[in-house]
Amino acid sequence: MEKIILIVHLLTALAIIGMILLQQGKGAEAGASFGAGASQTILGSAGGWNFFSKVTAILATLFFITSVSLAVIAKDKVAVGDKILPELEAIQQMMESDVPSAEDGEEIPAAPGGDTGSASDIPVPDTAQ
C-alpha cells in the first residue's frame with residue numbers, strides 16, 4: 001500500500017509541476033498591465049478559474065492527501081519506547097564494548113599523553129576591552 005501511495009505522490013508532484021508550467025501568467029497580454037479588456041469581463045481582469053487552475057487545485061489536494069497518508073504510515077513504522085531497532089541495538093553493544101570499565105580492581109587508563117586535565121586548563125575569554 002505504501003508503494004502505491006508513494007507512486008501516486010510522485011506522479012502527482014510531477015503533474016503539478018507540469019500544470020503550473022503550462023499556465024499562462026497574468027501579465028501575458030500586452031495590454032493586461034493597462035487594464036485593456038478588463039471592463040468586458042464579468043469577473044474582472046483576473047477572470048474565472050480555467051481548466052488549468054481547476055486541475056492544479058485538484059492535484060494539489062491529492063498531493064496533500066498522499067503526503068498525510070505517507071506521514072501516517074511512517075509514524076506507524078517507527079519504534080517507540082522499549083522497542084529498539086536491531087541496527088541501534090548493534091551500535092549500542094559495539095559502543096559498550098569499547099568503553100573501558102573498572103572491573104576486578106583494574107585501573108582505567110588515562111587519556112593519551114597522560115594528562116587528565118583540570119578546570120583551570122579551560123581558557124576563559126577576556127571580557128575587558
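Residues numbered from 1 in each chain as written. Predicted model: local features only at pLDDT ≥ 70, side-chain atom pairs only at ≥ 80, totals over all residues. Heavy atoms only, no water.

Counting secondary structure elements, the protein chain contains 3 helices and 0 strands. Buried residues in the protein chain amount to 8% of all 129 residues. Partitioning the intrachain contacts of the protein chain with sequence separation of at least 6 by distance along the chain shows that 76% fall at a separation of at least 24. Just so you have it, the protein chain exposes about 11300 Å², and 64% of that area is on carbon and sulfur atoms. (Helix = DSSP H or I, 4+ residues; strand = E, 2+ residues; numbered from the N terminus. Buried < 20%, exposed > 50% of the residue type's maximum accessible area, 1.4 Å probe, protein only. Contact = heavy atoms within 4.5 Å. Areas by Shrake-Rupley, 256 points an atom, 1.4 Å probe, with all protein chains shown as cover.)

What follows covers helix α1 (residues 2–22). Taking 1.5 Å of rise per residue, the 21 residues of α1 would be expected to cover 30 Å, and the 30 Å separating its terminal C-alpha atoms lies within 8% of that figure. Three or more residues of α1 are buried, namely Ile 5, His 9, Thr 12, Ile 16 and Met 19. With its buried residues spanning 100° around the axis, α1 presents them on a single face. What points out from α1, more than 90 degrees from its buried face, is the exposed set Lys 3, Ile 7, Leu 10, Leu 11, Leu 14, Leu 21 and Leu 22. If you follow the buried residues of α1, they end up packed against α2 (51–77). (Expected span 1.5 Å × (residues − 1). Arc of directions from axis to C-beta.)

Per-residue pLDDT for the protein chain has a mean of 73; in total, 53% of the residues score no lower than 70. When mean pLDDT is compared element by element in the protein chain, α1 scores highest at 93, while helix α3 (residues 86–98) scores lowest at 72. (pLDDT = per-residue confidence, 0-100.)

Right, let's talk about the side chain of Thr 66 for a bit. Along the chain, Thr 66 falls in helix α2. Look at Thr 66 and you get buried, because its relative accessible area is 6%. Separated by 2.9 Å, the side chain of Thr 66 and the backbone oxygen of Phe 63 make a polar contact. (Polar contact = N/O pair within 3.5 Å; in protein donor to acceptor, adjacent residues only side chain to side chain.)

One can find Phe 64 in helix α2. On the basis of relative accessible area, Phe 64 is assigned to the exposed category, the value being 56%. A sequence separation of 52 residues divides Phe 64 from Thr 12, and the C-alpha atoms of the two residues are 9.8 Å apart.

The grouping of Ile 7, Leu 10, Leu 11, Leu 14, Ile 17 and Leu 21 at the surface amounts to a nonpolar patch, some 660 Å² of accessible area in total. With respect to the helices and strands, the residue Leu 21 is situated in helix α1. (Patch = residues over 30% accessible without salt bridge, like charges linked within 9 Å, V, L, I, M, F, W, Y side chains within 5 Å. Salt bridge = Lys/Arg side-chain N within 4 Å of Asp/Glu carboxyl O.)

Two elements in contact, α1 and α2, have axes separated by 9 Å at closest approach and are oriented at 150°. Relative to α2, α1 is oriented roughly antiparallel. Relative to α2, the crossing made by α1 is left-handed. Here the contact of α1 with α2 is built from residues that sort into 17 nonpolar, 6 polar and 2 charged. (Axes fitted to C-alpha atoms, helices over the stretch in contact; angles between N-to-C directions. Parallel < 35°, antiparallel > 145°, perpendicular 65-115°, else oblique. Left-handed = near helix turned anticlockwise from the far one by under 90°. Nonpolar A, V, L, I, M, F, W, Y, C, P; charged D, E, K, R; others polar.)

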